[in-house]
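# Summary of structural features
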Amino acid sequence: MLKKIKCADLEIGMYINLGESWMRHSFFRPAFKITSVKQIKKIAAAGFRSVMVDPDRSDPAVRSKLGEGQPVNGDSQDLPMIEVPDENEFDPMEQISDELVAAIEDPAIPPEKKAEIVYSHSIRMMDNILQEPSPENILKGKTMIYATVDHILADDETADHLSQITSHDYYTYTHSVNVGLLSVLLAKEAFKNIEGHDMQELGAGFFLHDLGKCDVPASLINKPDKLSPQEWELMRNHPSKGKRLLKEARQLSEECALIVMQHHEREDGTGYPLGLHRNEIHDYGRICSIADVYDALTSTRAYKKKLPPFQALQVMKDEMFHHFNRDLFGIFVSIFS
Ligand SMILES: [Fe+2]
Ligand SMILES: [Fe+2]
């Protein structure tokens with residue numbers, strides 16, 4: 001029988017089942033055995049106060065402690081239990097990639113469903129990369145981004161649906177996917193009929209623009225108070241760190257370098273890290289900065305509520321217009337109309 005256990009009492013070796021809410025929190029599967037403290041922290045950070053634990057599938061060492069948990073009521077016992085292979089038997093990135101490509105290529109799946117699959121698989125991919133930004137994961141991630149970009153370029157209907165379905169929790173992995181998808185949609189519009197842009201590589205830069213935030217804790221990203229000088233330094237360095245990680249993975253294309261380094265630059269010179277002005281900022285960096293700010297405004301943060309899309313665009317126009325390239329901002333607005 002499943003037991004309900006408070007997150008604070010979770011231990012390595014317990015076999016948990018997150019039920020239907022697992023999709024929203026990007027764990028790779030709904031039921032699994034906890035193998036690290038990191039997973040416990042992630043469960044708590046995802047907003048779970050308690051979870052279901054299956055004593056029979058948990059390690060004997062922790063099974064006795066589960067006797068103190070509350071038996072679950074009838075409804076909860078019906079939570080789906082999915083048989084999964086052992087943690088070491090498969091590579092999550094390969095599985096995500098296989099599922100993504102299969103869905104994209106399946107003509108029987110309607111565009112709306114395809115958009116959902118592209119989105120949920122992109123979230124899991126980015127979560128994996130940000131948890132472990134190894135050269136191998138970065139390379140596998142790029143391959144998936146290439147497939148996603150190709151599909152967005154080839155299928156207008158799926159692209160339309162993608163502009164509607166963005167999660168509004170502000171985690172670096174959800175933000176990366178939102179900005180990645182919105183930037184690709186903007187680049188698709190801005191560069192249509194224009195040769196010479198490597199859209200796959202642009203997509204990689206957009207999705208990976210905040211790679212350097214991989215070790216910035218969520219508490220700092222969502223901190224409502226003013227950042228201390230050390231915290232600000234950590235934030236300010238994330239473009240350089242992202243560039244370094246891509247270089248070490250031998251994946252630093254020119255497109256990725258421009259996007260990663262320039263997505264916080266502003267037309268009026270108030271951005272960072274270099275305080276570049278207008279024509280010193282490449283269109284690739286400009287595109288990403290527009291999507292980046294839009295996603296920040298439309299996401300819920302610890303210190304503010306999210307704005308609806310129209311209101312966010314209005315704020316960008318009225319209060320931040322001098323930050324963005326006018327032509328690209330106009331095209332961005334047109335995506336939502
Ligand atoms: Fe950033
Ligand atoms: Fe960002």
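No experiment lies behind these values; they were computed from the predicted model shown. (Residues numbered from 1 in each chain as written. Chains lettered and ligands numbered in written order. Predicted model: local features only at pLDDT ≥ 70, side-chain atom pairs only at ≥ 80, totals over all residues. Heavy atoms only, no water.)

## Regarding helix 6 (residues 156-164)
Heads up, the rule is: Per-residue accessibility, obtained with a 1.4 Å probe over protein chains only, is compared with the maximum for each type, and a residue is labelled buried under 20%, exposed over 50%, and partly exposed between these values. In this text, helices come from DSSP runs of H or I with a minimum length of four residues, and strands from runs of E with a minimum of two, each type numbered from the N-terminal end. Note that the arc is computed from the directions linking the helix axis to the C-beta atoms. Within 3.5 Å is the distance limit for a polar contact, defined as a pair of N or O atoms, with the added protein rule that one can donate a hydrogen and the other accept it, and that residues adjacent in sequence qualify only through two side-chain atoms.
Those residues of helix 6 that sit buried are T158, A159, L162 and S163. Taken around the axis of helix 6, the buried residues stretch over an arc of 145°, which confines them to a single face. Helix 6 presents D160 and Q164 as exposed residues on the side facing more than 90 degrees away from its buried surface. Among the residues of helix 6, the N-terminal cap falls to D155, whose side-chain oxygen and the backbone nitrogen of E157 are separated by 3.0 Å.

## Considering the environment of E267
Inclusion rule: We call two residues in contact when some of their heavy atoms are within 4.5 Å.
One can find E267 in the loop between helix 12 (254-262) and helix 13 (283-297). Looking at E267, the relative accessible area reads 5%, which means it is buried. Taking the C-alpha atoms as reference points, E267 and R286, 19 residues apart in sequence, are found 8.4 Å from one another. In this structure, E267 is in contact with H277, R278, I281, R286, H322, H323, F324 and N325, ignoring residues within four places of it in sequence. Among the polar contacts made by the side chain of E267, one reaches the side chain of R286 at a distance of 2.9 Å.

## Structural notes on the coordination of the iron ion (ligand 1)
The test is simple: Listed donor atoms are N, O and S within 2.8 Å of the metal (Na, K and Ca: 3.2 Å). As water is not included, a site may look incomplete. When four donors show all angles between 85 and 135 degrees the site is tetrahedral, when four or six donors have opposite pairs over 155 degrees and all other angles between 65 and 115 it is square planar or octahedral respectively, and in every other case it is irregular.
For the iron ion (ligand 1), the full set of protein donor atoms is D210 (OD), H238 (NE2), H263 (NE2) and H264 (NE2), and the range of their distances to it is 2.1 to 2.2 Å. Given four donor atoms and angles of 86 to 178° at the metal, the environment of the iron ion (ligand 1) is assigned as irregular. Expressed as a motif, the donor residue spacing for the iron ion (ligand 1) is D-x27-H-x24-H-H. A separation of 3.5 Å is found between the iron ion (ligand 1) and the iron ion (ligand 2), which are bridged by D210. Remark: H238 occurs in helix 11 (residues 238-248) and D210 occurs in the loop between helix 8 (199-207) and helix 9 (218-221); sequence separation between them is 28 residues. Judged on exposure class, the residue D210 and its partner H238 are both buried.

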